[in-house]
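Examination of the molecular architecture
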Amino acid sequence: MNQEKLRVLLIVLSCVFAALFVGLLIFGILFDADFVVTKILVIALSVVSLALAGEFLFLYILFKDTKPNFFLYDTKIKGNVSVDKLSFATINTRMNSYFSNFASSEGKIWTEGILDDPDLDMSDVFKPIVAYKLLLDLAVMDKEIGWKCFEMASNETVMFICNSLENNNDAEFAAMVREYKAAVPANTYALRELLVGNKSYLKKKIYKYVCANIESFNDMQLS
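Residues numbered from 1 in each chain as written. Predicted model: local features only at pLDDT ≥ 70, side-chain atom pairs only at ≥ 80, totals over all residues. Heavy atoms only, no water.

Our next topic: the overall build of the chain. A tally of regular secondary structure across the chain gives 10 helices and two strands. Mapped in sequence order, the helices and strands of the chain form the string α-α-β-β-α-α-α-α-α-α-α-α. Over its C-alpha atoms the chain spans a radius of gyration of 27 Å, topping by over 25% the 17 Å that the globule rule assigns to 223 residues. Scored against the burial criterion, the 223 residues of the chain give a buried share of 36%. Contacts in the chain between residues far apart in sequence, at least 24 positions, make up 72% of those at least 6 positions apart. About 12800 Å² of surface is accessible on the chain, with carbon and sulfur atoms providing 60% of the total. Side chains of the chain carry 22 positive and 26 negative charges; the gap between the two charge centres is 6 Å. (Helix = DSSP H or I, 4+ residues; strand = E, 2+ residues; numbered from the N terminus. Rg over C-alpha atoms; globule rule 2.2 N^0.38 Å. Buried < 20%, exposed > 50% of the residue type's maximum accessible area, 1.4 Å probe, protein only. Contact = heavy atoms within 4.5 Å. Areas by Shrake-Rupley, 256 points an atom, 1.4 Å probe, with all protein chains shown as cover. Lys, Arg positive; Asp, Glu negative; His and termini not counted. Charge placed at Lys NZ, Arg CZ, Asp CG, Glu CD.)

Below, the structure is given as structure tokens:
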């Protein structure tokens, strides 16, 4: 059961037991019988119902206050949606926002050596997504200015990307990117053929990586 459905169930159970408490309490007070034990039992059950209603309400609040997930948090419901509702479009939008923390444009991430800094403030869990998305966006844009960014990028920037791909068990793809950068001049034609022809592959890698590591993005800053 996902978190959203669980929260609905908890609030329903809380309301049911709260209503049961009121009903039993009224019945216990108005119940006129010679059996005092029966009356006491009814009132005791109403107290138990109240305790259960409070417990389910507490659990509902507890689940509501779980730490926001970078990719799953929904500002409309002020909570995390289930991972099965996560789309690539949402991941892509969140990553665009994430990139804005490092540069005013994606081109500058390529050309200004931002990824070269050994003290770069980037969690390791983000690095494979950053690498795939930088390559994917070149393919989606598919313009000379984008391929020029790859050509102008420092070797360290491209190594950051390749190392991040390798850390996600994608050594073959990384090797091709590394080879095209090492050529003199950089083989942007071959890179274009590789990336444009593999846009779906890059999207799947991003989506599967995020889903597989979703808990690692809990309690992260939402831009």
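Here we come to unusual backbone geometry. For the bond running from V184 to P185, omega is -5°, close enough to zero to count as cis. Mapped onto the elements, P185 comes out in the loop between α8 (171–182) and α9 (188–196). Even without being glycine, D142 reaches a positive phi, approximately 45°. Positionally, D142 belongs in the loop between α5 (127–141) and α6 (144–152). Owing to a relative accessible area of 28%, D142 belongs among the partly exposed residues under this scheme. In this model, N169 sits at a positive phi of 60°, which is unusual for a non-glycine residue.

Attention shifts here to helix α7 (residues 155–167). With 13 residues, α7 ought to run about 18 Å at 1.5 Å a step, and its terminal C-alpha atoms sit 18 Å apart, in line with that. Where α7 is concerned, the buried positions are T157, V158, F160, I161, C162, S164 and L165. On its buried side, α7 packs onto α4 (106–111), α5, α6 and α8. Positive backbone phi, at 60°, marks N169, one or two positions downstream of α7. (Expected span 1.5 Å × (residues − 1).)

So, on to the environment of S123. Checked against the element boundaries, S123 lands in the loop between α4 and α5. Counting along the chain gives 12 residues from S123 to T111, while the straight-line C-alpha distance between them is 21 Å. Contact partners of S123, with chain neighbours within four places excluded, come to Y98 and M220.

This part takes up helix α10 (residues 199–212). Every α-helix carries 3.6 residues per turn, so stepping three or four residues along brings you back to the same face. Look at α10: 20 Å from first C-alpha to last across 14 residues, which is about the 20 Å you get at 1.5 Å a residue. Against α3 (88–99), α5, α8 and α9 lie the buried residues of α10.

Moving on, we get to the packing of α3 against α5. Here α3 crosses α5 at 100°, and the two axes come no closer than 11 Å. On the basis of the axis angle, α3 is roughly perpendicular to α5. Residue-level inspection shows F88, N92, M95, N96, Y98 and F99 of α3 in contact with α5, the latter providing I129, V130, K133, L134, L136 and D137. Along the lines of polarity and charge, the residues of the contact of α3 with α5 split into eight nonpolar, two polar and two charged. (Axes fitted to C-alpha atoms, helices over the stretch in contact; angles between N-to-C directions. Parallel < 35°, antiparallel > 145°, perpendicular 65-115°, else oblique. Nonpolar A, V, L, I, M, F, W, Y, C, P; charged D, E, K, R; others polar.)

Another aspect to go through is the packing of aromatic side chains. For the structure shown, the criterion picks out 10 aromatic pairs. Ring centres 5.2 Å apart and planes at 85° place the aromatic pair F70 and F126 in the edge-to-face group. Taken together, the positions of F70 in the loop between α2 (36–64) and β1 (73–74) and F126 in the loop between α4 and α5 put the pair 56 residues apart, joining distant regions of the chain. Through successive ring pairs, a cluster of aromatic residues spans F70, F71, Y98, F102, F126 and F217. Just above the ring of F150 sits the side chain of K181; from NZ or CZ to the centre is 5.7 Å. (Phe/Tyr/Trp six-rings, centres within 6.5 Å; stacked < 30°, edge-to-face > 60°. Lys NZ or Arg CZ within 6 Å of the ring centre and 35° of its normal.)

Attention now moves to a nonpolar patch on the surface. Together, V22, I26, I29 and L30 give the surface a local cluster of nonpolar side chains, amounting to about 400 Å² of exposed area. Along the chain, I29 turns up in helix α1 (residues 3–30). Judged by relative accessible area, I29 falls into the exposed class, the value being 54%. (Patch = residues over 30% accessible without salt bridge, like charges linked within 9 Å, V, L, I, M, F, W, Y side chains within 5 Å. Salt bridge = Lys/Arg side-chain N within 4 Å of Asp/Glu carboxyl O.)

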